[in-house]
Amino acid sequence: MTFTAALALTATVLSAPAAVAAAPPEGAYWHTRAVTTSTHPWRFGTRSHPYALLETSVTEEWTTPAGKAWHGYRELATRPASPADKKAWQRDGSPARWGKSIDGKIVKLSGEHSKGHVGPVRQERDQFRLAEQWLTYEEVQRLPADPELLRDWLTRAARVSRVPEKLVESWVTSVLPSLLHRLPAPKEVRAAAREALLKSPNVRAGGAAKDSLGRSGAVVVINQTHETRGQKTVIQHRLIIDTGRMVLLAQSQKATHNGKPAPDMSYDETLTRVGWTNSPPTVPALP
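What comes next concerns the included structure. Predicted model only: the values in this text are computed from it and were never measured.

Analysis parameters
- Residues numbered from 1 in each chain as written.
- Predicted model: local features only at pLDDT ≥ 70, side-chain atom pairs only at ≥ 80, totals over all residues.
- Heavy atoms only, no water.
- Helix = DSSP H or I, 4+ residues; strand = E, 2+ residues; numbered from the N terminus.
- Rg over C-alpha atoms; globule rule 2.2 N^0.38 Å.
- Buried < 20%, exposed > 50% of the residue type's maximum accessible area, 1.4 Å probe, protein only.
- Contact = heavy atoms within 4.5 Å.
- Areas by Shrake-Rupley, 256 points an atom, 1.4 Å probe, with all protein chains shown as cover.
- Lys, Arg positive; Asp, Glu negative; His and termini not counted.
- Charge placed at Lys NZ, Arg CZ, Asp CG, Glu CD.
- Expected span 1.5 Å × (residues − 1).
- Phe/Tyr/Trp six-rings, centres within 6.5 Å; stacked < 30°, edge-to-face > 60°.
- 1 Å grid on protein atoms, 1.4 Å probe; cavity = no way out; pocket = protein on both sides within 12 Å on 5 of 7 lines; lining within 4 Å.
- Points joined across faces, edges and corners; volume = space filled by probe spheres on them.
- Core = buried A, V, L, I, M, F, W, Y, C linked by side-chain atoms within 4.5 Å.
- Pairing = 2+ DSSP bridges.

### Considerations on the overall build of the protein chain
Piece 1. The number of helices and strands found in the protein chain is 6 helices and 17 strands.
Piece 2. In terms of overall dimensions, the protein chain is globule-like: its C-alpha atoms have a radius of gyration of 21 Å, near the 19 Å expected for 287 residues.
Piece 3. Principal axes of the C-alpha set define a box for the protein chain whose edges measure 70 × 45 × 35 Å.
Piece 4. The proportion of buried residues among the 287 residues of the protein chain is 44%.
Piece 5. Here the contacts in the protein chain between residues at least 6 apart in sequence split such that 60% fall between residues at least 24 apart.
Piece 6. Here the protein chain displays about 15,300 Å² of accessible surface, and carbon together with sulfur accounts for 52% of that area.
Piece 7. Counting 38 positive and 27 negative side-chain charges, the protein chain places the averaged centre of each group 6 Å from the other.

What follows is the structure, given as structure tokens:
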């Protein structure tokens, strides 16, 4: 028996009798659509009037119950990051394309939307991937619906994946949010993932909030600090969860490196679709 098969078997034993049939899929594809924005780490314009640019993209994923997957991607128009940046951009002649940063670093940015693309995902197996393990649809349905048993399953998955022991706890915490959108896990399993998160070190509830679309949800805040050779990186990962459907509405990450903002590690993401669909894969539409 392979490690993955052993883990899947354990999930079955812990969560439900093997004789219980998995709930049938509610559509042809498990579908997610996310709009992500981030500030480009470099500056543009002139040294006397520099400005920051905001990059936005749309990403979509479709996966059949049999595990075949498609990926769609589209870059949206790059624009000044703030009103102050817009003024500096206007002083720069309001360019619609950028080829170099102030420091002469080569880039390829456009103020127009790209055409986008969609295509099949080439992966090792036509299955769902969780915690470095390949699972069938039926195995995903039988993941533990108890927070402690789910955390135990993921902890063993970490050790199977040879995650260093001192990193197992934080690794499990980083995996749990994926159950809120990436896989067609039952609602009870998604609820267990949220509860397991809230019981994790350096994780706290953050009250209620609305995402960029005005949807209300419960906030979960994950704080992480990494120190290596005198270099300190602090990351705050913020989730907004629809506790009715128990799916992720939005997530953001803010990072600092040695006390300074780290835009290359920071982003905001809104998930506009999480769930089953019968609509086939297509190039992501404009928001």
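### What about unusual backbone geometry?
Piece 1. Backbone geometry at Arg162 places phi at a positive 60°, although glycine is not the residue there.
Piece 2. Relative to the elements of secondary structure, Arg162 occurs in the loop between helix 4 (147–160) and helix 5 (168–175).

### Observations concerning helix 6 (residues 187–198)
Turn by turn, an α-helix covers 3.6 residues, leaving residues three or four places apart pointing in a common direction.
Piece 1. The first and last C-alpha atoms of helix 6 sit 17 Å apart over 12 residues, in line with the 16 Å expected at 1.5 Å per residue.
Piece 2. Of all the positions in helix 6, only Val189, Arg190, Ala192, Ala193, Arg194, Ala196 and Leu197 are classed as buried.

### So, the environment of Thr155
Piece 1. Secondary-structure assignment places Thr155 in helix 4.
Piece 2. With relative accessibility at 15%, the residue Thr155 sits in the buried group.
Piece 3. When the C-alpha atoms of Thr155 and Val172 are compared, they prove to be 6.4 Å apart, with 17 residues separating the residues in sequence.
Piece 4. Discounting residues that sit within four places of it in the chain, Thr155 has contacts with Val168 and Val172.

### Things to note about the packing of aromatic side chains
Piece 1. Here the structure, examined in full by the defined rule, presents 3 aromatic pairs.
Piece 2. Between Tyr29 and Trp70, the aromatic rings sit 5.8 Å apart at their centres with planes inclined by 85°, giving edge-to-face as the arrangement. Residue Tyr29 is located in strand 1 (residues 29–39), and its partner Trp70 is located in strand 5 (residues 69–75); the two are separated by 41 residues in the primary sequence.
Piece 3. For Tyr29, a relative accessible area of 14% puts it in the buried group.
Piece 4. Measuring from centroid to centroid gives 6.2 Å for Tyr137 and Trp276, while their planes differ by 65°, and the two rings are edge-to-face. One end of the pair, Tyr137, is in helix 3 (residues 137–141); the other, Trp276, is in strand 17 (residues 267–277), and 139 residues separate them in sequence.
Piece 5. Aromatic rings pair up to connect Trp30, Tyr137 and Trp276 into one cluster.

### What about the layout of surface pockets?
Piece 1. If you add up the space inside the largest pocket, you get close to 630 Å³.
Piece 2. Lining the largest pocket are 29 residues; nearest its centre among them are Glu61, Arg129, Ser178, Arg182 and Leu183.
Piece 3. Put simply, the parts of the chain that give the lining of the largest pocket at least two residues each are strand 1, strand 4 (53–63), strand 10 (128–130), helix 5 and strand 17.
Piece 4. With 5 residues, strand 4 is the largest single contributor of residues to the lining of the largest pocket.
Piece 5. The computed volume of the second largest pocket comes to approximately 320 Å³.
Piece 6. Contributing to the lining of the second largest pocket are 15 residues, with Glu75, Lys108, Leu109, Ser110 and Glu112 lying nearest its centre.

### Remarks on the nonpolar core
Piece 1. Of all hydrophobic cores here, the largest spans 39 residues; its most connected members are Leu130, Ala131, Leu143, Trp153, Leu154, Leu176 and Leu179.
Piece 2. When residues no more than four places from it in sequence are discounted, the contact partners of Leu154 are Leu130, Ala131, Trp171, Val172, Val175 and Leu176.
Piece 3. Among the nonpolar cores identified, the runner-up in size contains 8 residues, and Tyr51, Leu53, Trp98 and Leu109 belong to it.

### Quick look at the pairing of strand 8 (residues 106–110)
Piece 1. One ladder, built from 3 bridges, connects strand 7 (residues 97–100) with strand 8; its direction is antiparallel. Residue pairing across strands places Trp98 opposite Leu109, the latter belonging to strand 8.
Piece 2. The antiparallel hairpin formed by strand 7 and strand 8 contains 5 residues in its connecting segment, where Gly104 sits at a positive phi of about 85°.

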